[in-house]
Amino acid sequence: MNRFEGRRVLITGAGSGIGQATVHRILAEGGRVVAADVDAAGLDATAARAAADGTADRLRTAVLDIADEAAVRAGVAAAVTGLGGLDVLVNAAGILRSAHTHETSLELFHTVIATNLTGTFLMIREALPALLEGASPVVVNFSSTSASFAHPYMAAYAASKGGIQSMTHAIAAEYAKQGLRAVCVAPGSIASGMTTGRGPGLPEDADMSLFAKLAPAVGEGFAGPETVAGVIAMLASRDGAFITGTEIRIDGGTHM
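Residues numbered from 1 in each chain as written. Predicted model: local features only at pLDDT ≥ 70, side-chain atom pairs only at ≥ 80, totals over all residues. Heavy atoms only, no water.

As for the pattern of salt bridges
Oppositely charged side chains may form a pair once their charged atoms are brought near each other.
So, step 1. Within the structure shown, the criterion is met by ten salt bridges.
So, step 2. Residue Asp239 pairs with Arg3 through a salt bridge whose shortest N-O separation is 2.8 Å. Of this pair, Asp239 sits in the loop between helix H6 (225-236) and strand E7 (247-250) while Arg3 sits in the segment before strand E1 (8-12); the two residues are 236 residues apart in sequence, bridging distant segments of the chain.
So, step 3. Across the salt bridge formed by Arg73 and Glu126, the nearest N and O atoms sit 3.9 Å from each other. Note that Arg73 is positioned in helix H3 (residues 69-83) and Glu126 in helix H4 (residues 106-131), a separation of 53 residues in sequence.
So, step 4. You can call Arg73 partly exposed: its relative accessible area is 40%. (Salt bridge = Lys/Arg side-chain N within 4 Å of Asp/Glu carboxyl O. Helix = DSSP H or I, 4+ residues; strand = E, 2+ residues; numbered from the N terminus. Buried < 20%, exposed > 50% of the residue type's maximum accessible area, 1.4 Å probe, protein only.)

Side note on the sheet that holds E7
So, step 1. Here we have seven strands laid out as an open sheet, ordered E3-E2-E1-E4-E5-E6-E7, and parallel in their pairing. Each edge of the open sheet is held by one strand with a lone partner, namely strand E3 (59-63) and E7. Strand-to-strand, the axes of this sheet are offset by a mean angle of 15°, without reference to chain direction.
So, step 2. In the sheet, strand E6 (residues 181-187) pairs with E7 via four bridges, with the strands oriented parallel. Residue pairing in the sheet places Ala186 in a bridge with Arg249 of E7.
So, step 3. Docked against the sheet, helix H1 (residues 17-28) engages E1, strand E2 (32-37), E3, strand E4 (88-91), strand E5 (138-142) and E6, running at close to 165° with respect to E1.
So, step 4. Across the sheet, helix H2 (residues 40-53) is in contact with E2 and E3; its angle to E3 comes to roughly 175°. (Pairing = 2+ DSSP bridges. Axes fitted to C-alpha atoms, helices over the stretch in contact; angles between N-to-C directions. Contact = heavy atoms within 4.5 Å.)

Observations concerning H1
So, step 1. The end-to-end C-alpha distance of H1 is 17 Å, a good match for the 16 Å that twelve residues give at a rise of 1.5 Å each.
So, step 2. Ile18, Gly19, Ala21, Thr22, Val23, His24, Ile26 and Leu27 are the residues of H1 that are buried.
So, step 3. Of the residues one or two after H1, Gly30 is the one with positive phi, at around 95°. (Expected span 1.5 Å × (residues − 1).)

Quick look at the side chain of Thr46
So, step 1. As for its placement among the helices and strands, Thr46 is situated in helix H2.
So, step 2. Its relative accessible area of 0% is what places Thr46 among the buried residues.
So, step 3. What Thr46 contacts, discounting residues up to four positions off in sequence, is Ala14, Gly15, Gln20, Val23, His24 and Leu59.

Here we look at the confidence of the model for the protein
So, step 1. When pLDDT is averaged along the protein, the result is 92; 93% of the residues meet or exceed 70.
So, step 2. Predicted confidence for residues 195-199 stays below pLDDT 50, and this span has eight contacts to residues more than four positions away or in other chains. (pLDDT = per-residue confidence, 0-100.)

Details of the side chain of Thr168
So, step 1. Relative to the elements of secondary structure, Thr168 occurs in helix H5 (residues 155-175).
So, step 2. Its relative accessible area of 1% is what places Thr168 among the buried residues.
So, step 3. Within the structure, the side chain of Thr168 is placed 2.7 Å from the backbone oxygen of Ile164, a separation counted as a polar contact.
So, step 4. Sequence-distant contacts of Thr168, defined by excluding residues within four places in its chain, comprise Asn141, Ala182, Val183 and Cys184. (Polar contact = N/O pair within 3.5 Å; in protein donor to acceptor, adjacent residues only side chain to side chain.)

So this is what it looks like as structure tokens:
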């Protein structure tokens, strides 16, 4: 498939996990990509994989902290200039910090909100002028199953993802007449950097019985990041042309 031939795509969180998998999926389908991440080493790994795949000529990388307004303004402008415009923005960057809510510091709460929610907003705000001049423009945001279902010890993360989900609806409505689509993916039960070790950094004394269900109903355990990347590619392509203002849950039926 070459659904992204000629399309210009900016992807954050591109140095690992789902963001990195999305970079390679869109490159494989012919897209031109700027891969952004705060982790330079992760971006080097992304670039090395592209070189091995023979797609490096359509990839640029950029170190970017999405919680930094000035950096976002400069980073998006540079990406748009390098690509000659922008058709797709994928906001995969995010962090997860878990703690007992009564032990959650204001600093931790603000850190999660600043990266996940404010960072997503800043990326969208700065990219919108270029997107609205692009071809069939699409914004794909990252919510989470934690936005709609009870995930203990994740109050800050859940709040940030619920905010992203609501913001996506608002943007989809505001810019629909200008041809922009805005959608969310809500991953769950996906094996990525956020879910290694003892769950997503859960407290040592976490009561696992509070998680009503952990095992997916389909497959053989957690799915890989490429599973979500495939859905993102569909949503951001012409195959997703009739989908906007909603979220797609990708969790193997964990939350049925």
